[in-house]
Amino acid sequence: MKKVLVAGGTGYLGQFVIRELFEQGYEVTALARSSKKLEHLKPYIHHLIKAELTDMEALEKAMDGMDAIFSSVGITRQKDGLTYLDVDYGCNRNLLDAALKKGIKKFMYIGVLNGPQFRMLKGIDAKERFTDELMASPIESYIIRPSGFFSDMTEIYDMAQKGRVYLFGKGDYIANPIHGKDLARFCVEKLEGDGGTFPIGGPEVLNQNQIAALAFDALNKKNKITRIPVWVAHMVKWLVRHLTKETFYGPIEFFLTVLIVNMEAPKYGSISLGDYYKSLAEGKK
């Protein structure tokens, strides 16, 4: 039985990866700061290790006997005053250093579609800095670049729930975000093959008007959309970057950036965004 250490298992994607690895016959070791957040996944975890990603001794011990490392570690909602450089780069670099020391053969990392073109964003730059170092290392690397998670699309769902969705431009920017379950299956499939960089998206390419319509349909609400000029997004990004702390503006800056570009990747999976929105409306996830 192959052994995989999962870092970032408490996040949206990590939870699906743990389940998928277990169901595919892997021995799963989950690394987490808080074991409470993984209580619901205990049936899928062979070993649960509570450790900080800054504790190199604990990381090296956790990697004993591992065949591969999976990491989706990164900041989504900044807490504890930590920066992207601390977490998205620093913690993943610690994982890589420990893996190299222990002779781990494979390291899979979750990046961002078209990440290099977004390096002006601190969060993405930290991810890309780590990606560069991972790919330059002797370990076989697997860089997964999703076009976006369904969990990201809850921003539009939440606006629809309040009665109105705000979009930039004409709402014709396209994307094909992917459900965590489909993405987890893709990750485990790739782990069986050779390393590389793998852009990936969900089964449907939708523009933002269509995404908003799916959210309203799931909620049985009238479609109400307000379109805002793209220059407003650029102005807001400039203001939050210069007038607020990184711990506040980072997520806002990223969200405003990906809303005004196309984020299309090769199609994969079977779960539709409409069905995901319906599950939210029914109180499921």
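What counts as what
- Residues numbered from 1 in each chain as written.
- Predicted model: local features only at pLDDT ≥ 70, side-chain atom pairs only at ≥ 80, totals over all residues.
- Heavy atoms only, no water.
- Salt bridge = Lys/Arg side-chain N within 4 Å of Asp/Glu carboxyl O.
- Helix = DSSP H or I, 4+ residues; strand = E, 2+ residues; numbered from the N terminus.
- Buried < 20%, exposed > 50% of the residue type's maximum accessible area, 1.4 Å probe, protein only.
- Contact = heavy atoms within 4.5 Å.
- Polar contact = N/O pair within 3.5 Å; in protein donor to acceptor, adjacent residues only side chain to side chain.
- Core = buried A, V, L, I, M, F, W, Y, C linked by side-chain atoms within 4.5 Å.
- Pairing = 2+ DSSP bridges.
- Axes fitted to C-alpha atoms, helices over the stretch in contact; angles between N-to-C directions.
- pLDDT = per-residue confidence, 0-100.

## Side note on the pattern of salt bridges
One side chain can pair with another of opposite charge once the charged atoms of both are near each other. A full pass over the atoms with the stated rule returns 13 salt bridges. Of the charged contacts, one joins Lys101 and Glu60 as a salt bridge, the two residues approaching to 3.5 Å between their closest N and O atoms. Note that Lys101 is positioned in helix α3 (residues 84-102) and Glu60 in helix α2 (residues 56-62), a separation of 41 residues in sequence.

## Here's the deal with the environment of Tyr268
Turning to its location among the elements, Tyr268 is positioned in the loop between α9 (246-258) and α10 (273-281). Since its relative accessible area comes to 16%, Tyr268 is described here as buried. Apart from the residues within four sequence positions on either side, Tyr268 is in contact with Ile178, Asp182, Arg185, Phe186, Glu189, Ile200, Gly201, Gly202 and Pro203. Among the polar contacts made by the side chain of Tyr268, one reaches the side chain of Glu189 at a distance of 2.9 Å.

## As for the side chain of Thr131
Within the secondary structure, Thr131 sits in helix α4 (residues 122-136). In this structure Thr131 comes out as buried when scored by relative accessible area, which is 0%. Beyond its immediate chain neighbours, meaning those up to four positions away, Thr131 contacts Tyr109, Ile143 and Arg145.

## Side note on the nonpolar core
Soluble globular proteins tend to bury their nonpolar side chains together. With 31 residues, the main nonpolar core has Ile18, Leu21, Phe70, Ile144 and Leu183 as its most contacted residues. Breaking this core down by element, the ones donating at least two residues are β1 (3-7), α1 (12-23), β2 (27-32), β4 (68-71), β5 (106-110), β6 (140-146), α6 (180-191) and β9 (196-200). Among residues more than four places away in sequence, those in contact with Ile144 are Met108, Tyr109, Ile110, Gly111, Leu183, Phe186, Cys187, Phe198 and Ile200. Core analysis: the next-biggest nonpolar cluster, separate from the first, contains 29 residues, Ala7, Ala62, Ile104 and Tyr109 among them.

## Quick notes on the sheet that holds β4
Spatial ordering of the open sheet is given by β3-β2-β1-β4-β5-β6-β9, a layout of seven strands whose pairing is parallel. Each edge of the open sheet is held by one strand with a lone partner, namely β3 (47-50) and β9. Here the strands of the sheet are splayed against their neighbours by 15° on average, with no regard to which way each runs. The pairing of β2 with β3 spans four bridges and is classified as parallel. Paired with Ala30 across the two strands is Leu48, which belongs to β3.

## What to know about the confidence of the model for the protein
The predicted coordinates of low-pLDDT regions are not to be read in fine detail. With 90% of its residues at a pLDDT of 70 or more, the protein shows a mean pLDDT of 90. Per-residue pLDDT, averaged within each element of the protein, yields its smallest value for α9 (65) and its largest for β5 (98).

## Things to note about α10
Looking only at α10, the buried set comprises Leu273, Gly274, Tyr276, Tyr277, Ser279 and Leu280. Residues of α10 that are buried make contact with α5 (154-161), β10 (206-207) and α7 (208-219). Phi turns positive, to about 85°, at Gly283, one or two residues after α10.

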